[in-house]
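Examination of the molecular architecture
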Amino acid sequence: MKGSPFSRLGPVIGGALAASPATWRWCFYLNLIVGAIVAPVYVFLIPGHNPRPGKSILARLLELDWLGAILNAGATVTLVMGIAFGGGVFAWQSDSLIGLLLASAILWIAFVLQQYKATLTTEENRLFPVRYLESLEMSIFFAQIAAGITVVF
């Protein structure tokens, strides 16, 4: 068997806690304690990495494609809400659901146009690297990753 002995103890300890008067909630409390003990390792022992030395945090924040991020988040949230609410919370023919899906389509179109024209950003700092679409291999790779993420979701 591969893995550390601690990985084998996890289910045993979790089962014992679930069956005891302590209840299963103590599994989460123990994780908080372990996290608090291990957190200094991340803070003090792991070396920091600055990918752009000489640039302030504010300068790096200003380089981000904020409009692209907002459009992408809005398009994704409205699409997921439309798919999740369809048939359960709202009927598929309801105005609310059609409005969500229409808003998603409009936001996706706005996102694509914003990325293509590099509106309020530069071509180097776009959220979606449009130059990769020129490569057949990268386009196939993108489709495979999108399909894989869809299956996992």
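Residues numbered from 1 in each chain as written. Predicted model: local features only at pLDDT ≥ 70, side-chain atom pairs only at ≥ 80, totals over all residues. Heavy atoms only, no water.

What about the overall build of the chain?
The helix and strand inventory of the chain stands at six helices and zero strands. Written out in order from the N terminus, the α and β elements of the chain read α-α-α-α-α-α. Rg of the C-alpha trace for the chain: 23 Å, well past the compact-globule value of 15 Å for 153 residues, more than 25% over. Projected onto its principal axes, the C-alpha coordinates of the chain cover approximately 60 × 55 × 35 Å. Expressed as a percentage of the 153 residues in the chain, the buried residues total 14%. (Helix = DSSP H or I, 4+ residues; strand = E, 2+ residues; numbered from the N terminus. Rg over C-alpha atoms; globule rule 2.2 N^0.38 Å. Buried < 20%, exposed > 50% of the residue type's maximum accessible area, 1.4 Å probe, protein only.)

Topic: helix 5 (residues 95-117)
In this model, helix 5 (23 residues) spans 32 Å end to end at C-alpha, consistent with the 33 Å of a helix rising 1.5 Å per residue. Residues Leu-97, Leu-100, Ser-104, Phe-111, Gln-114 and Gln-115 constitute the buried set of helix 5. Packing partners of the buried residues in helix 5 comprise helix 4 (66-85). Positive backbone phi, at 55°, marks Ala-118, one or two positions downstream of helix 5. (Expected span 1.5 Å × (residues − 1). Contact = heavy atoms within 4.5 Å.)

Some remarks on the side chain of Asp-65
Mapped onto the secondary structure, Asp-65 falls in the loop between helix 3 (57-62) and helix 4. The buried charged residue Asp-65 lacks any salt bridge partner; its closest oppositely charged side chain belongs to Arg-126, at an N-O distance of 7.2 Å. In this structure the side chain of Asp-65 is engaged in a polar contact, spanning 3.1 Å, whose partner is the backbone nitrogen of Leu-127. (Lys, Arg positive; Asp, Glu negative; His and termini not counted. Salt bridge = Lys/Arg side-chain N within 4 Å of Asp/Glu carboxyl O. Polar contact = N/O pair within 3.5 Å; in protein donor to acceptor, adjacent residues only side chain to side chain.)

Quick notes on the packing of helix 4 against helix 5
Two elements in contact, helix 4 and helix 5, have axes whose closest approach is 8 Å; the angle formed by their N-to-C orientations is 155°. Taken as axis vectors, helix 4 and helix 5 run roughly antiparallel relative to one another. Helix-helix and strand crossings are classified by hand; for helix 4 and helix 5 the assignment is left-handed. Taken together, the residues that form the contact of helix 4 with helix 5 break down as 15 nonpolar, nine polar and no charged. (Axes fitted to C-alpha atoms, helices over the stretch in contact; angles between N-to-C directions. Parallel < 35°, antiparallel > 145°, perpendicular 65-115°, else oblique. Left-handed = near helix turned anticlockwise from the far one by under 90°. Nonpolar A, V, L, I, M, F, W, Y, C, P; charged D, E, K, R; others polar.)

What to know about the pattern of salt bridges
Tallied over the full model, the rule gives two salt bridges. The salt bridge involving Arg-52 is made with Glu-63; its shortest N-O contact spans 1.9 Å. Taken together, the residues span a long stretch of sequence, with Arg-52 in the loop between helix 2 (25-45) and helix 3 and Glu-63 in the loop between helix 3 and helix 4 at a distance of 11 residues. Across the salt bridge formed by Glu-63 and Lys-55, the nearest N and O atoms sit 2.2 Å from each other. With relative accessibility at 37%, the residue Lys-55 sits in the partly exposed group.

A closer look at unusual backbone geometry
The backbone phi angle of Ala-118 is positive, close to 55°, even though this residue is not glycine. Tracing the backbone shows Ala-118 in the loop between helix 5 and helix 6 (136-152). A positive phi angle is found at Leu-120, which is not glycine, with a value near 60°. Residue Leu-120 is classed as exposed on the basis of its relative accessible area of 71%.

A short note on the environment of Arg-126
By secondary structure assignment, the location of Arg-126 is in the loop between helix 5 and helix 6. Accessibility expressed as a relative area gives 16% for Arg-126, which makes it buried. Separated by 60 residues in sequence, Arg-126 and Trp-66 have C-alpha atoms that sit 9.3 Å apart. Excluding residues that lie within four positions of it along the chain, Arg-126 makes contacts with Asp-65, Gln-115, Tyr-116, Ala-118 and Thr-121. A distance of 2.8 Å separates a polar side-chain atom of Arg-126 from the backbone oxygen of Gln-115.

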